[in-house]
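Given next are the chains, with one letter for each unit.
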Amino acid sequence: MARKSKKKVSASEGPLRLMAANRSEIAIRIFRAATEMDMRTVAIYAQEDRLAVHRFKADEAYMIGAGKGPVGAYLDIEGIVEMASERGVNFVHPGYGFLAENADFAQASAKAGITFVGPRPELLRQMGDKTEARALAKEAGVPILPGTDEPIKTRAKAVKVAKEIGFPLIIKAAFGGGGRGMRVVKKAKDLERLVDEARGEADRAFGNPAVFLEKYVPRAKHIEVQILGDQHGNVLHLHERDCSVQRRHQKVVEIAPSVALDESVRSELCVAAVELAKHIGYDNAGTIEFLYDVDAKAWYFIEMNPRIQVEHTVTEVITGIDLVRAQIQVAQGHKLHGDVMQLPRQKDVPCVGHAVQARVTTEDPANNFTPDYGRIITYRSAAGFGLRLDGGQGDAGSVITPFYDSLLVKITASGMSFPIALDRMDRALREFRIRGVQTNIPFLENVIGNETFRSGQATTTLIDTTPELFAFRPRRDRANRLLSYIGDVVVNGNSQAKGFEVKEPFAPIAEPE
């Protein structure tokens, strides 16, 4: 049962209180940073999520969104803000996903006297609208791909614009990300059908069917730059990440810094990201994303994510800068280079070695990545030098439900060179033992061992054009085999032992009449 409050707690009483308006891995990540800052942590959870680990990692936990469903509960702005006010919460951190880019949530929090750990509501609105973000980038002098300036609302408009852009092109959701509402159109005859598909998926995922069209780059690297700004006009970039390894436009493996990228291109991307962030007055952590056309040797802005990213861990590892802690400190009004935050000036931001992140999910790569559910029977994680694990539900006995994202744990491996980081990741993946549910570990092992990836030449089509990534070796599962053998011997005896005699067989099962 959720703990019921008997009286309202004043936000001025006791230590500062921070709520994570999220769940699982990112909520735990937020709690860790807040605890280190001597804050009291507050969790929320849906009724279907009542056994989730993040609930027990916080100092306090409260059920929200009764009757709204497993996802609807975490989207209940009114209920979350009311709970936060009632419990005297000073700060609310949205994490990623759910309400992380919702300007109405940021505004409702501010109206209730709660500090939103993220950019200003107007920035969320601007950068959350992908077409407006494109316009702002163009205004700041940052190159953009040929595409529509406004969301497409009709088939006729899509056909007209497509003729101007040319094929191939890509349809994208105007208000959302994560690969939802995206379709690549290679031929004109497929346009109307794919526009309908993309609009429907965008509407279901984000509650808004608006889409826009953009020129599609077949051979591209997806490079994103981590930005951190404060409320005093200071902006830093914390180097770039290469997120080119994607499946259905969703990131699978991320590295920092990028490998085999021309130094002049690297510098141009980072400078452009800072210029855009300053142009819009950005005031928290965010990511500015680019496509680099490896054939044309040209790069383009594609979008900005005004929040913490799943893959922020690789940036933290190479820079030594705690991004979540920095987010909270910026929300408190501190300066990047002031006495509290003490972050280095741009030229002194460290970039030590290389880091690689792999997302372990409960999906079956041999069955078209179908999500798997059930109880985890065995869970043995990797450990050792150069490894960082960020998990939210991985443990023996945990039940994986069908209600949420299939992410089980994020592995971040690092080393002084890219090959060392990859060797460390390969060892970590092979060290994991997860039984009871299927995972994508065999697929990740193949990606890490792929020569194109290891050379730094991977583009966004690597997975689609490399069938050998789906050639999996049979898992031996020696422990379960041994247990089965022992159980067989205990019940039936050892036929190889001296003096073994066949016991009287069990009576046959009576057939039903």
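Look a little higher up for the structure.
Residues numbered from 1 in each chain as written. Predicted model: local features only at pLDDT ≥ 70, side-chain atom pairs only at ≥ 80, totals over all residues. Heavy atoms only, no water.

A.B. asks: Can you walk me through the overall build of the protein in this structure?
C.D. replies: The helix and strand tally for the protein stands at 15 helices and 22 strands. Relative to the globule expectation of 24 Å for 513 residues, the C-alpha radius of gyration of the protein, 25 Å, shows essentially globular dimensions. Expressed as lengths along the three principal axes of its C-alpha atoms, the size of the protein is roughly 90 × 60 × 55 Å. For the protein, buried positions account for 53% of its 513 residues. Taking as baseline every contact in the protein between residues at least 6 positions apart, the subset at least 24 positions apart corresponds to 66%. Within the structure as shown, the protein displays about 24000 Å² of accessible surface, and the carbon and sulfur contribution to it stands at 51%. (Helix = DSSP H or I, 4+ residues; strand = E, 2+ residues; numbered from the N terminus. Rg over C-alpha atoms; globule rule 2.2 N^0.38 Å. Buried < 20%, exposed > 50% of the residue type's maximum accessible area, 1.4 Å probe, protein only. Contact = heavy atoms within 4.5 Å. Areas by Shrake-Rupley, 256 points an atom, 1.4 Å probe, with all protein chains shown as cover.)

A.B. asks: Looking at this structure, I do not really get the nonpolar core. What am I missing?
C.D. replies: Across soluble globular proteins, you tend to see nonpolar side chains buried next to one another. Within the largest apolar cluster, 58 residues are counted, with the highest numbers of intra-cluster contacts made by Met 19 and Phe 105. Setting aside its immediate chain neighbours within four residues, Phe 105 contacts Ala 21, Ile 77, Ile 80, Val 81, Val 92, Pro 94, Leu 99 and Phe 116. Counting 37 residues, the second-largest nonpolar core is a separate cluster that includes Ile 376, Ala 413, Ile 434 and Phe 443. (Core = buried A, V, L, I, M, F, W, Y, C linked by side-chain atoms within 4.5 Å.)

A.B. asks: Just to check I follow, could you spell out the sheet that holds strand 8 (residues 211-215) for this structure?
C.D. replies: Within a sheet, adjacent strands bond to each other through the backbone by hydrogen bonds, running parallel or antiparallel. Within the open sheet, the three strands sit side by side as 7-6-8. Their pairing is antiparallel. The open sheet has two edge strands, strand 7 (183-185) and strand 8, and neither has a second partner. Ignoring strand direction, the axes of neighbouring strands in this sheet form an average angle of 30°. Helix-sheet contacts for helix 8 (residues 191-206) involve strand 6 (169-173), strand 7 and strand 8, and the interaxial angle to strand 7 is about 170°. (Pairing = 2+ DSSP bridges. Axes fitted to C-alpha atoms, helices over the stretch in contact; angles between N-to-C directions.)

A.B. asks: Is there a simple way to explain the environment of Glu 192 in this structure?
C.D. replies: Here Glu 192 shows up in helix 8. Between the alpha carbons of Glu 192 and Phe 31 there is a distance of 46 Å; along the sequence they are 161 residues apart.

A.B. asks: What's the story with the pairing of strand 12 (residues 285-293) in this structure? I'm lost.
C.D. replies: Residues in a regular strand point their side chains to alternate faces of the sheet. Counting buried residues along strand 12, nine of its nine residues qualify, which places the element largely inside the surrounding structure. The two faces of strand 12 match: Ala 285, Thr 287, Glu 289, Leu 291 and Asp 293 on one face and Gly 286, Ile 288, Phe 290 and Tyr 292 on the other face are all buried. As judged from the nine bridges shared by strand 9 (residues 220-229) and strand 12, these two strands associate in the antiparallel manner. Following the sheet pairing, Val 225 is matched in strand 12 by Ile 288. Strand direction decides the pairing type here: strand 12 and strand 13 (residues 298-305), joined by seven bridges, are antiparallel. Paired with Asp 293 across the strands is Ala 298, a residue of strand 13. The turn joining strand 12 and strand 13, which pair antiparallel and follow one another in sequence, is formed by four residues; a positive phi near 55° is taken by Lys 297.

A.B. asks: Mind showing me how you'd approach the environment of Glu 263 here?
C.D. replies: Mapped onto the elements of the fold, Glu 263 is located in helix 9 (residues 263-280). Its relative accessible area of 54% is what places Glu 263 among the exposed residues. A polar side-chain atom of Glu 263 sits 3.1 Å from a polar atom in the side chain of Arg 266. (Polar contact = N/O pair within 3.5 Å; in protein donor to acceptor, adjacent residues only side chain to side chain.)

A.B. asks: Help me understand the sheet that holds strand 2 (residues 40-45), please; the structure alone is not making it clear to me.
C.D. replies: Here five strands make up an open sheet; going across it, the order is 3-2-1-4-5 and the pairing parallel. Where the open sheet ends on each side, the last strands, each with one partner, are strand 3 (60-63) and strand 5 (115-116). Note: strand 4 (residues 91-93) against strand 5, two bridges, orientation parallel. Of the residues in strand 5, the one forming a bridge with Phe 91 is Thr 115.

A.B. asks: In this structure, what is going on with unusual backbone geometry? I would like to understand it.
C.D. replies: Negative phi is the rule for most residues except glycine; trans is the rule for most peptide bonds. For the bond from Phe 167 to Pro 168, the omega torsion is 0°, close enough to zero to count as cis. Locating Pro 168 in the fold gives a position in the loop between helix 7 (155-165) and strand 6. At Phe 369, a position not held by glycine, the phi torsion is positive, near 60°. Within the secondary structure, Phe 369 sits in the loop between strand 15 (363-364) and strand 16 (370-371).

A.B. asks: Hey, could you run me through the packing of helix 4 (residues 103-111) against helix 5 (residues 121-128) in this one?
C.D. replies: When two helices pack together, their arrangement is given by the angle between their axes and by how far apart the axes lie. Here helix 4 crosses helix 5 at 175°, and the two axes come no closer than 8 Å. On the basis of the axis angle, helix 4 is roughly antiparallel to helix 5. Two secondary-structure elements touch here, helix 4 through Ala 103, Asp 104, Ala 106 and Gln 107 and helix 5 through Pro 121, Leu 124 and Arg 125. Broken down by class, the residue content of the contact of helix 4 with helix 5 amounts to four nonpolar, one polar and two charged. (Parallel < 35°, antiparallel > 145°, perpendicular 65-115°, else oblique. Nonpolar A, V, L, I, M, F, W, Y, C, P; charged D, E, K, R; others polar.)

A.B. asks: Honestly, the side chain of Arg 23 in this entry has me stumped. Any pointers?
C.D. replies: Considering the arrangement of structural elements, one finds Arg 23 in the loop between strand 1 (17-20) and helix 1 (24-36). In this structure Arg 23 comes out as buried when scored by relative accessible area, which is 9%. For Arg 23, the side chain forms a polar contact with the side chain of Asp 49, separated by 2.6 Å. Sequence-distant contacts of Arg 23, defined by excluding residues within four places in its chain, comprise Asp 49, His 54, Tyr 74, Phe 98, Gln 393 and Tyr 404.

A.B. asks: Would you explain the packing of helix 6 (residues 130-139) against helix 9 in this entry?
C.D. replies: Orientation of helix 6 relative to helix 9, taken along the N-to-C sense of each, is 105°, at an axis distance of 9 Å. Here helix 6 is positioned roughly perpendicular relative to helix 9, judged by the angle of their axes. Across from Leu 136, Ala 137 and Glu 139 in helix 6, the residues of helix 9 making contact are Leu 276, His 279 and Ile 280. Its residues assigned to classes, the contact of helix 6 with helix 9 shows four nonpolar, one polar and one charged.

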